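Results of the structural survey
In case you want the letters, here they are:
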Amino acid sequence: MPVSYVLSIDQGTTSCRAIVFSASGEVVGIGQKEFTQHFPHSGWVEHDANEILHKQIDCIKEAIKNAGIEAKEIACVGLTNQRETTVVWDKSTGEPISRAIVWQCRRTAEIVEELVAITGKSGKNIGESIREKTGLIPDAYFSGTKIRWILDNISGARKLAQQNKLAFGTIDSWLIYKFTEEARHVSEASNASRTMLFDINKLHWDDELLVAMNVPKSMMPEIVDSDSCFGHTREDLVGFRAPLIAVLGDQQAALFGQACFEPGMFKCTYGTGSFLLGNIGSKKTIVNGILTTVAWKLKNLPAVYALEGASFMGGATIQWLRDELGIIKTSEESEQLAQSLEDNDGVYLIPAHVGLGSPWWNPHVRGAILGLSRECDKRHLARSGLEAIAYQIKDIAYEMELAGVKMSELRADGGAARNNWLMQFQADVLDIPVRRNDQIEATAWGVAALAGLTSGIIKKDELIKKQLDKTFLPEKDRKAEYKNWSRAVRSTITFANH
Ligand code: ADP
């Protein structure tokens, strides 16, 4: 029996997925299951780590069944996951001591405000040390203060942690621990670099930051290469024993899946939020308002870094027009509405419903629509919503350019990238070609590709060749409109700062 399929485990924020890929990169079977989102208080978001585990197991079985193959035909496994989400479990029982705190959860915003002002062992303030050592901008989004919250608020947790009885992991680490026979407590650098506790220069946990966040080092997973053997899948759980040999956080996996292997190559994933990541090679660059993060750390090679900008309302802007305003029935409808206008008639929608991400990092600002007149209708809202997705990416690219990092083309994926009008507008606003990857699920494919390369099933040349896509070339000069957008954002921020 040929053992030639790669299984990709894709653990996302709202659903678990598993995809079986053939050695030539075709999707042969998918399993997908949503899981419960818990919102115990305003701004709080939690997941049940055991529910994620069990749904993920179901998805794997479903994907294999849908592929029409036998479980034993899986040669190797890759894992990609929602990042930053924090699980703490008891080392003796393997059971989580609380629900997982999700990346979106804002409960530690005050802890972050206090943290950045304190002076660390190095004599610098911790806010500065976080920026320098981790490449991140201090925020409740990352794992560090979430671990602290659990230790300070779950009964008995602090004591257990001091007795070396607790383990922390992001979702990758939790699933590796549960899925593999070896039950190792490990993670890798693309996930570790999202914790605010990991020095991305030295590639280890940072003592000063651990002390500042009051997190014992004994809780932290061992960091291994992203293409290591993390263990072998438990046959009793998933029905086969195969090596888990590739792990990457979701955005870094998409960067890999888009074959952005060389410095200067950028991708943007247009999902609920939009994530622009650029490979910057093995030399770190710091850009105002933009995160620096580890893209991957492969065996016998230096770490590869990425610049990352995120806007929280990408496709979610269109979802809002559909679900809350009810002006469209499907997200796809936005394309035809936007197209039906010659231009935006001066209407700008600022989708700051949950604050603004990169490069603004302003949690207080809220959304706005500017420039309305009596002739405006839903076409203007659809168009300004789509334009906003593209302008937010331009804001990130603009900051990068000021720091000397220029994009020559952008590779696009994610649900909203299906919108042709948006892709064309993005090419116009950035004034560079936008290449859409039509064939593959970039995130799931990213770790499948890394697993396939590691095991020798897939060759790198084939992977680069595989980028079948549609290219949108810049057609129209959008500089004047972009200037108006910038003014609109500034006035919205001014309104919030009142
Ligand atoms: P996620 O992985 O974050 O759940 P997806 O990649 O599945 O997201 O993309 C879903 C998002 O893309 C939704 O917010 C949806 O509104 C948006 N979307 C999907 N299709 C379109 C479209 N044709 N035009 C605009 N937005 C779209």
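About the thresholds
Residues numbered from 1 in each chain as written. Predicted model: local features only at pLDDT ≥ 70, side-chain atom pairs only at ≥ 80, totals over all residues. Heavy atoms only, no water. Helix = DSSP H or I, 4+ residues; strand = E, 2+ residues; numbered from the N terminus. Rg over C-alpha atoms; globule rule 2.2 N^0.38 Å. Buried < 20%, exposed > 50% of the residue type's maximum accessible area, 1.4 Å probe, protein only. Contact = heavy atoms within 4.5 Å. Axes fitted to C-alpha atoms, helices over the stretch in contact; angles between N-to-C directions. Parallel < 35°, antiparallel > 145°, perpendicular 65-115°, else oblique. Nonpolar A, V, L, I, M, F, W, Y, C, P; charged D, E, K, R; others polar. Near = heavy atom within 4 Å. Polar contact = N/O pair within 3.5 Å; in protein donor to acceptor, adjacent residues only side chain to side chain. Pairing = 2+ DSSP bridges. Core = buried A, V, L, I, M, F, W, Y, C linked by side-chain atoms within 4.5 Å. Disulfide = S-S within 2.5 Å. Patch = residues over 30% accessible without salt bridge, like charges linked within 9 Å, V, L, I, M, F, W, Y side chains within 5 Å. Areas by Shrake-Rupley, 256 points an atom, 1.4 Å probe, with all protein chains shown as cover. Salt bridge = Lys/Arg side-chain N within 4 Å of Asp/Glu carboxyl O. Lys, Arg positive; Asp, Glu negative; His and termini not counted. Charge placed at Lys NZ, Arg CZ, Asp CG, Glu CD.

1. Re the overall build of the protein chain
- When its secondary structure is counted, the protein chain shows 17 helices and 23 strands.
- A globule of 498 residues ought to have a C-alpha radius of gyration of about 23 Å, and the protein chain, at 22 Å, matches this closely.
- The principal-axis extent of the C-alpha atoms belonging to the protein chain is close to 65 × 60 × 40 Å.
- Across the 498 residues of the protein chain, 61% fall into the buried class.

2. Digging into helix 14 (residues 420–430)
- Of all eleven residues making up helix 14, ten are buried, and the element is well covered by its neighbours.
- Every buried residue belonging to helix 14 is among Trp421, Leu422, Met423, Gln424, Phe425, Gln426, Ala427, Asp428, Val429 and Leu430, and all of these are buried.
- Close packing links the buried residues of helix 14 with strand 15 (266–270), helix 12 (333–339), helix 13 (378–402), strand 21 (410–413), strand 22 (434–437) and strand 23 (469–472).
- Positioned one or two residues after helix 14, Asp431 has a phi angle of 60°, which is positive.

3. Remarks on the packing of helix 13 against helix 17 (residues 479–496)
- Relative to each other, helix 13 and helix 17 sit at 85°, their axes nearing to 11 Å. The pairing of helix 13 with helix 17 is recorded here as roughly perpendicular in orientation. Contact residues: helix 13 offers Ala388, Tyr391, Gln392, Lys394, Asp395 and Tyr398, while helix 17 offers Glu481, Tyr482 and Trp485.
- Of the residues that constitute the contact of helix 13 with helix 17, the class distribution is five nonpolar, one polar and three charged.

4. Considerations on the site of the ligand
- Surrounding the ligand, one finds 13 residues, the nearest of these being Thr272, Gly315, Gln319, Ser331 and Gly415.
- In the model, an oxygen atom of the ligand is placed 3.0 Å from a nitrogen or oxygen of the Ser331 side chain.
- Contacts to the ligand include Gly415, whose backbone N or O atom sits 2.8 Å from an oxygen atom.
- Sort the elements by how many residues they give to the shell around the ligand and helix 11 (residues 315–323) lands first, with four residues.

5. Some details on the environment of Pro363
- Tracing the backbone shows Pro363 in the loop between strand 19 (348–350) and strand 20 (368–370).
- Excluding residues that lie within four positions of it along the chain, Pro363 makes contacts with Arg106 and Gly355.

6. A closer look at the sheet that holds strand 3 (residues 27–34)
- Pairing is mixed across the open sheet formed by six strands, whose spatial order is 3-2-1-5-14-13. Across the chains shown, the open sheet's two edge strands, defined by having one partner strand only, are strand 3 and strand 13 (231–232).
- Across two bridges, strand 13 lies against strand 14 (residues 243–249) in antiparallel orientation. In the sheet register, His232 faces strand 14, and the bridge partner there is Pro243.
- On the sheet, helix 6 (residues 171–179) packs against strand 1 (5–11), strand 5 (74–81), strand 13 and strand 14 and is oriented at approximately 145° with respect to strand 5.
- Docked against the sheet, helix 10 (residues 250–257) engages strand 5 and strand 14, running at close to 105° with respect to strand 14.

7. A look at the side chain of Thr145
- Looking at the secondary structure, you find Thr145 in helix 4 (residues 144–153).
- Setting aside chain neighbours within four positions, we find Thr145 in contact with Thr108, Ile111, Val112, Leu115, Ala140, Met196 and Met213.

8. Side note on the sheet that holds strand 23
- The seven strands are arranged 17-18-16-15-21-22-23 in an open sheet whose pairing can be described as mixed. Edge positions in the sheet fall to strand 17 (291–296) and strand 23, since each has one partner strand and no second. For this sheet, the mean inter-axis angle between neighbouring strands, taken without regard to orientation, is 30°.
- The pairing of strand 17 with strand 18 (residues 304–311) spans five bridges and is antiparallel.

9. Focus: the nonpolar core
- Core analysis: the biggest nonpolar cluster contains 126 residues, and Met219, Tyr270 and Leu410 have the highest contact counts within it.
- Per-element tally for this core: the top contributor is helix 13, with eleven residues.
- When residues no more than four places from it in sequence are discounted, the contact partners of Leu410 are Phe266, Lys267, Cys268, Tyr270, Leu276, Gln426, Leu430, Ile432, Pro433, Val434 and Arg435.
- Listed in part, the 40 residues of the second largest apolar core include Cys16, Ala167, Ala242 and Leu244.

10. Quick notes on the state of the cysteines
- The full count for this structure, using the stated rule, is zero disulfides.
- Not part of a disulfide, Cys105 finds its nearest cysteine sulfur in Cys16, a span of 19 Å.
- As a non-bridged cysteine, Cys260 has Cys268 as the owner of its nearest cysteine sulfur, 11 Å distant.
- Looking at Cys260, the relative accessible area reads 0%, which means it is buried.

11. Re a negative patch on the surface
- Residues Glu342, Asp343, Asp345 and Glu375 make up a contiguous surface patch of negative charge.
- Locating Asp343 in the fold gives a position in the loop between helix 12 and strand 19.

12. Notes on the pattern of salt bridges
- The full count for this structure, using the stated rule, is 30 salt bridges.
- The salt bridge involving Lys133 is made with Asp206; its shortest N-O contact spans 3.1 Å. Taken as a pair, Lys133 in helix 3 (residues 126–134) and Asp206 in the loop between strand 11 (204–205) and helix 8 (207–212) lie far apart in primary sequence, 73 residues in all. For the pair Lys133 and Asp206, a shared accessibility class is recorded, and that class is buried.
- Within the structure, one salt-bridge network assembled from shared partners comprises Arg83, Glu84, Arg194, Asp250 and Glu308.

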